[in-house]
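# Residue-level structural notes
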Amino acid sequence: MSLNTSVFPRGVRPLCTLAAVCAATGWGAAADIAKPTVTRTELGFYGLPSVIDMPTADMMPDGEFAFTASTFAGQTRSTLAFQIAPRLMGSFRYSSIRNWNSDGFDTYYDRSFDLRLQLLTETARRPSITIGLQDFIGTGVYSGEFIAASKSFGDSLTVSGGLGWGRLGSYNPIGSTGTRPVTTPDEVGTGGTVNSDVWFRGDVALFGGVVWRPTPKWTFHAEYSSDAYVQETEQRDIFDRKSPLNFGAEYAISRDFKVGGYFMYGSEIGVQLQVNLNPARPPVVGGQEPAGSPVYQRPSRAQAPELYTTAWVGSEPTRITIRDALADALLAEGMEMEALHLDATEATLYLRNKGYRSGAQAIGRSLRLMSTVMPPSVDTFTIVPMVTGLELPSVTYARSAVEQNVIQADGAEQMLAIAAFGTAPDEPAAEDYAPFVYPRFTWSLGPYVSTSLFDPANPFRMDVGVQLTGAWQPAPGWLFAGTVQKKLIGNLDQNSETSASTLPHVRSDFTLYNKYGDPAMRDLYGAYYFQGSSEVYGRLTAGYLERMYAGVSGEVLWAPFDKRYALGAELNYVKQRDYDGGFGMLDYEVATGFVTGYWQFTDDFFARLDVGRYLAGDVGATLGLERTFANGWKIGAFATKTDVSAEDFGEGSFDKGIVMEIPIDWFLGRPTRVTERIVIRPLTRDGGARVDVPGQLYQAVYDSRKYKLEEQWGQFWR
């Protein structure tokens, strides 16, 4: 297998190459992974599997992510780590070093990324072996590479050792692999570049350690460190490194919450807090919602021919009674009827799934309710999912299949095998629409939280307030909506940082919006959604699109129902809004647009590539990779590279970040479609910035695509 990485931005190429290696060797597949002897993974001061400060060859459980906060000798490191695949893990770290007193900093703040790849898993005879890159994108303060091996002896003892370069090769080296270029903050400038020219170059040193687990709660650590802490001890006198030996003890308060204390380098005391989460390990067992309605089992036509009469079709009051009964039943289970088309033998339900993250569960529950409401003569059920007036591909069943398979042990699998997926039927007739569906006004009043991260003057700022949201849907496909926010408490307005960007200030003046925009109109817009065919969707949006921009936006999406790929195009013409959050505008205006490819290339991994023109007028591409889970979790990263140079972009060199989407039903154990999307950007700069248009099409149709329904089909009869 080969991958031409030259088409990707320079900073993204090593990631693409690593992904290709994983795919070619099958390292992303759990089936190839030997079962580990030890099920507990110790995370060290860098937030990744370690004895204490030195890495091991261990991996976390697949899909696990962990947050660690550790401190010693005036150094605090906060790390978010994620097990991307069974043998591949990555992390983002934010660190502070007090008394740096150099490079223009008293306290130095650093952002860094790590990657680790497990070459061999542990067996009865051989150790696991992992290769790692530490701080491979950044200023190089923590830059280092290693090859580590770990071997467990039963469940209680693990021995690790390895070879380190960079920081990990700075104490008592045993050899050298060439000259290593300097990567200190004053040498690398704005940072944010991939430091591939230093990898595995320079002095090489040995490190090692032992982890002992005498009880399920207690773990003890001892290690020999190969990190001389040259910058912290010899250049800046931050602490006195008296010994290469470190010792520590860790206590597990629970499976996912641990604390530890350590004696570091013969002179310092360290502490660490660790919190773990795994999408496959919810805090509350699911399925706590009430059971679905029982399926009505019709007597056969031969047994009760009078029940199969079609005389009801000619009675308008009867048809209305059936429609309203089904609408009420759906509403009681968190769903809504948009329309219902009835004839003597067929019923087509146009369904709004408001309550279930799983589209398969919504279909299964709707079929149950249709069986209890529809007259016996109706032999065919069709369900058409509806999203903002868009008709998504339908699923059709013979009613007899519903009656038979609801009581079978493999009933869900049988229903998937015989499902007739097809294009959506024609739009409902006027008389088919449920009452009070159009026009319709809804509103909500609730809290909001807004944060600002990684500002050197104050790394964490937050506002908490209330927001009022209203939406009016006058007809199918039409939406008018707006949100007003009022801060109650917070300190976002206390950020005095001013932008020195040489680019148009399309995002870097965000501090002015926080300072002058309270209360603020977050957005106020109108949108029209339409379809060219069952595979082509469109959107037109105009108004105050987001907090910083107003204008017009158009989007077209081609998304074949039974394919894992889709292609979209978007064009926006926007003008920058005034800082006070009202109706006023600033002078800056720009046209932006993108062509976007979407690809779910395995059941677990999703890629998105946007190519086009950004808010500052720069041209380039954004590559996003996500790990997706059947229960709704999404965790990924993105990187944007445009024709803006690293020097003009400023600190960070190019836009990048981490994305998490967390389904709230994972915490509650009962269905809801509410999700929380978190974007962590190390820096907010003007290069590679996009307008945040509400109601993007791919998100609207995503849950009703065939592969997604199949992934969730186990919930069909739940």
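See the structure printed just above.
Scoring rules and cut-offs
Residues numbered from 1 in each chain as written. Predicted model: local features only at pLDDT ≥ 70, side-chain atom pairs only at ≥ 80, totals over all residues. Heavy atoms only, no water. Helix = DSSP H or I, 4+ residues; strand = E, 2+ residues; numbered from the N terminus. Contact = heavy atoms within 4.5 Å. Polar contact = N/O pair within 3.5 Å; in protein donor to acceptor, adjacent residues only side chain to side chain. Phe/Tyr/Trp six-rings, centres within 6.5 Å; stacked < 30°, edge-to-face > 60°. Buried < 20%, exposed > 50% of the residue type's maximum accessible area, 1.4 Å probe, protein only. Lys NZ or Arg CZ within 6 Å of the ring centre and 35° of its normal. Salt bridge = Lys/Arg side-chain N within 4 Å of Asp/Glu carboxyl O. Core = buried A, V, L, I, M, F, W, Y, C linked by side-chain atoms within 4.5 Å.

### Let's talk about the environment of Asp110
Structurally, the position occupied by Asp110 is in strand 4 (residues 108-120). Sequence separation of Asp110 and Gln473 is 363 residues, and the distance between their C-alpha atoms is 48 Å. Non-local contacts of Asp110, meaning those with residues more than four positions away in its chain, are made with Arg93, Tyr94, Ser95, Asp135, Thr139, Val141 and Tyr142. Reaching out from Asp110, the side chain makes a polar contact with the side chain of Tyr108 at a distance of 3.5 Å.

### Comments concerning the packing of aromatic side chains
A full pass over the atoms with the stated rule returns 42 aromatic pairs. Centroid distance Trp218 to Tyr251: 5.0 Å. Interplanar angle 55°. Geometry classified as tilted. In this pair, Trp218 is assigned in strand 10 (residues 218-224) and Tyr251 in strand 11 (residues 245-254), connecting sequence segments 33 residues apart. By relative accessible area, Tyr251 is classed as partly exposed at 32%. Ring geometry for Tyr397 versus Phe716: centroids 6.2 Å apart, planes at 65°, classification edge-to-face. Note that Tyr397 is positioned in strand 18 (residues 394-398) and Phe716 in the segment after helix 12 (706-711), a separation of 319 residues in sequence. Each residue in the set Phe45, Phe72, Tyr229, Phe239, Tyr262 and Tyr265 is aromatic and connected to the rest through ring pairs, giving one cluster. Directly above the aromatic system of Phe153 lies the positively charged group of Lys151, at a separation of 5.5 Å from the ring centroid. Above the ring of Tyr702, the side-chain terminus of Lys634 is found at 4.1 Å from the ring centroid.

### Examining the pattern of salt bridges
With the rule as written, the count across this model stands at 37 salt bridges. Across the pair Arg357 and Asp665 runs a salt bridge, and its minimum N-O distance is 2.9 Å. Here Asp665 lies in helix 10 (residues 665-668) and Arg357 lies in the loop between strand 15 (346-353) and helix 5 (359-373), a separation of 308 residues in the sequence. Like Asp665, Arg357 is buried. Between Glu555 and Arg539 there is a salt bridge, and its shortest N-O distance comes to 2.9 Å. Within this pair, whereas Glu555 is found in strand 25 (residues 549-558), its partner Arg539 is found in strand 24 (residues 536-544), the two being separated by 16 residues in sequence. Across the pair, Arg539 and Glu555 agree in class, each one buried. One continuous salt-bridge network, built from bridges that share partners, spans Arg539, Glu555, Glu570, Arg608, Asp610 and Arg690.

### Points about the side chain of Asp227
Secondary-structure assignment places Asp227 in the loop between strand 10 and helix 3 (230-235). The buried category is assigned to Asp227, whose relative accessible area is 1%. Polar contacts involving the side chain of Asp227 include one to the side chain of Arg167, which spans 3.0 Å. Of the polar contacts made by the side chain of Asp227, one reaches the backbone nitrogen of Tyr229; its length is 2.8 Å. Setting aside residues no more than four positions away along its own chain, Asp227 makes contact with Tyr46, Met54, Arg167, Ser170, Tyr171, Arg241 and Tyr265.

### Re unusual backbone geometry
Cis geometry marks the peptide bond from Tyr438 to Pro439; its omega dihedral reads -15°. Inspection of the secondary structure assignment puts Pro439 in the loop between strand 19 (420-422) and strand 20 (440-455). For the bond from Asp518 to Pro519, the omega torsion is -5°, close enough to zero to count as cis. Tracing the sequence through the fold places Pro519 in the loop between helix 8 (510-516) and strand 23 (520-531). Positive phi, close to 45°, is recorded for Thr388, a residue that is not glycine. In this fold, Thr388 is placed in the loop between strand 16 (380-387) and strand 17 (390-391).

### Re the side chain of Glu145
Here Glu145 shows up in strand 6 (residues 144-153). Here the side chain of Glu145 touches Arg180 through a polar contact of 2.8 Å, side chain to side chain. If we skip the residues at most four places from it in the chain, Glu145 touches Gly132, Leu133, Leu163, Gly164, Trp165, Leu168, Arg180, Val198, Trp199, Phe200 and Arg201.

### Details of the nonpolar core
Counting residues in each nonpolar core, the largest one holds 46 residues, and the members touching the most others are Leu326, Leu367, Met374, Tyr397, Met415 and Phe716. Elements with a contribution of two residues or more to this core: helix 4 (316-332), strand 14 (335-342), strand 15, helix 5, strand 16, strand 18, helix 6 (399-405) and helix 7 (411-418). Among the elements that line this core, the one with the most residues is helix 5, at six residues. The residues contacting Phe716, other than those within four sequence positions of it, are Ala360, Gln361, Ile363, Gly364, Arg365, Leu367, Tyr397, Ala412 and Met415. Counting residues in hydrophobic clusters, the runner-up holds 25 residues, among them Phe92, Tyr94, Phe136 and Ile662.

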